[in-house]
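Each chain is listed here by its residues.
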Amino acid sequence: NLHVRVRSQIVADGLEQQLNWQSAGYDMPPLEWHEKIKEAREKRQKLGEDAANMDKDIPLIFDCRNTYETVVGKFEGAEPLDTDNFRDSWDVFKEKLKDTPKDQPIMTYCTGGIRCVKVGAYLTQELGFKNVSRLAGGIIAYD
C-alpha cells in the first residue's frame, strides 16, 4: 500500500521563521557558472592564494552539501561547510562570513538546488549579502 505523508518542508532547515524563497539571489545557469569558476581559478592563480582571500572580485564558493557528499568531490576553489545535517549550515555561515563585506560575490551549490535556494535566501535576507548566486539546478544540472 502506498502511504503519502505531507511534510512542511522538502529539506528540513531548522530555521525558526520561513524565508522568502523567491528572494534568494541569482539562479546562475550552468554555463555561466562554469565560466565564473574558471575566472576565479585564473585570478587565484595570478594573485596567489593569500591575495585571493583578500580580493573582493574573486567569489567565495561554498559547497552546501553535507560532508559525506563533499568527500566525493567538489568544485575547485569551493569551501565545504563540513556539516552532517543541513540545519547546521546557518551557524557555519555566520562564522565563516562574519568579517566579509556585504557586496562580496558568493557562489553556492548543492546536489539538486533546493538547499542553495534556502542558503541564498538566508544569506541575502538574514545576513544582508547583496551579491549571492547559486548553481541553477545544482550539480545534477551541471553537464
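Further up the page is the structure itself.
Here's a quick rundown of the structure.

Parameters and conventions
- Residues numbered from 1 in each chain as written.
- Predicted model: local features only at pLDDT ≥ 70, side-chain atom pairs only at ≥ 80, totals over all residues.
- Heavy atoms only, no water.
- Buried < 20%, exposed > 50% of the residue type's maximum accessible area, 1.4 Å probe, protein only.
- Helix = DSSP H or I, 4+ residues; strand = E, 2+ residues; numbered from the N terminus.
- Arc of directions from axis to C-beta.
- Contact = heavy atoms within 4.5 Å.
- 1 Å grid on protein atoms, 1.4 Å probe; cavity = no way out; pocket = protein on both sides within 12 Å on 5 of 7 lines; lining within 4 Å.
- Points joined across faces, edges and corners; volume = space filled by probe spheres on them.
- Nonpolar A, V, L, I, M, F, W, Y, C, P; charged D, E, K, R; others polar.
- Axes fitted to C-alpha atoms, helices over the stretch in contact; angles between N-to-C directions.
- Parallel < 35°, antiparallel > 145°, perpendicular 65-115°, else oblique.
- Left-handed = near helix turned anticlockwise from the far one by under 90°.
- Salt bridge = Lys/Arg side-chain N within 4 Å of Asp/Glu carboxyl O.

What follows deals with helix H4 (residues 89-96). Among all positions in H4, only Ser89, Trp90, Val92 and Phe93 are buried. Down the axis of H4, the buried set is contained in an arc of 160°. They therefore lie on one face. For H4, the elements touching its buried residues are strand E2 (60-63) and helix H5 (114-126).

For the rest of this paragraph, the subject is the layout of surface pockets. In this approach a probe as big as a water molecule rolls over the atoms, and the regions it shows empty are the leftover space. Put simply, the second largest pocket is a space of about 190 Å³. Along its surface, the second largest pocket is lined by 14 residues, and Met28, Lys36, Pro59, Pro105 and Met107 are the ones closest to its centre. Contributing elements (two or more residues each) for the lining of the second largest pocket: strand E1 (26-28), helix H1 (30-47), strand E4 (106-109) and strand E5 (132-135). When residues of the lining of the second largest pocket are assigned to their parent elements, the largest contribution, 4 residues, is made by H1. When grouped by side-chain class, the residues that make up the lining of the second largest pocket number 8 nonpolar, 2 polar and 4 charged.

All right, on to the environment of isoleucine 61 then. Inspection of the secondary structure assignment puts isoleucine 61 in strand E2. As a C-alpha pair, isoleucine 61 and isoleucine 114 span 53 residues in sequence and 17 Å in three-dimensional space. Contacts of isoleucine 61, omitting those with residues within four sequence positions, involve Trp33, Ile37, Arg44, Glu76, Gly77, Ala78, Glu79, Met107 and Tyr109.

Time to look at the environment of serine 133. Assignment of secondary structure puts serine 133 in strand E5. The spacing of serine 133 and glutamate 79 is 54 residues in sequence and 15 Å in space, taken between C-alpha atoms. Once you skip the residues sitting within four places of it in the chain, serine 133 turns out to touch Tyr26, Met28, Ile106, Met107 and Thr108.

In this section: the packing of H4 against H5. Orientation of H4 relative to H5, taken along the N-to-C sense of each, is 45°, at an axis distance of 11 Å. Relative to H5, the element H4 is oriented oblique. Seen from above, H4 lies across H5 with right-handed handedness. Where H4 approaches H5, its residues Trp90, Phe93 and Lys94 are matched on the opposing element by Lys118, Val119, Tyr122 and Leu123. Residue classes in the contact of H4 with H5 are distributed as 5 nonpolar, no polar and 2 charged.

A few words on the pattern of salt bridges. Side chains that differ in sign of charge can pair as their charged atoms come close. Overall, the coordinates contain 6 salt bridges when judged by the stated rule. Residues lysine 96 and glutamate 79 are paired through a salt bridge, measuring 2.5 Å at the closest nitrogen-oxygen approach. Remark: glutamate 79 occurs in strand E3 (residues 78-80) and lysine 96 occurs in helix H4; sequence separation between them is 17 residues. Judged by relative accessible area, which is 32%, lysine 96 ranks as partly exposed. Taking the relative accessible area as the measure of exposure, glutamate 79 reaches 35% and is therefore partly exposed.

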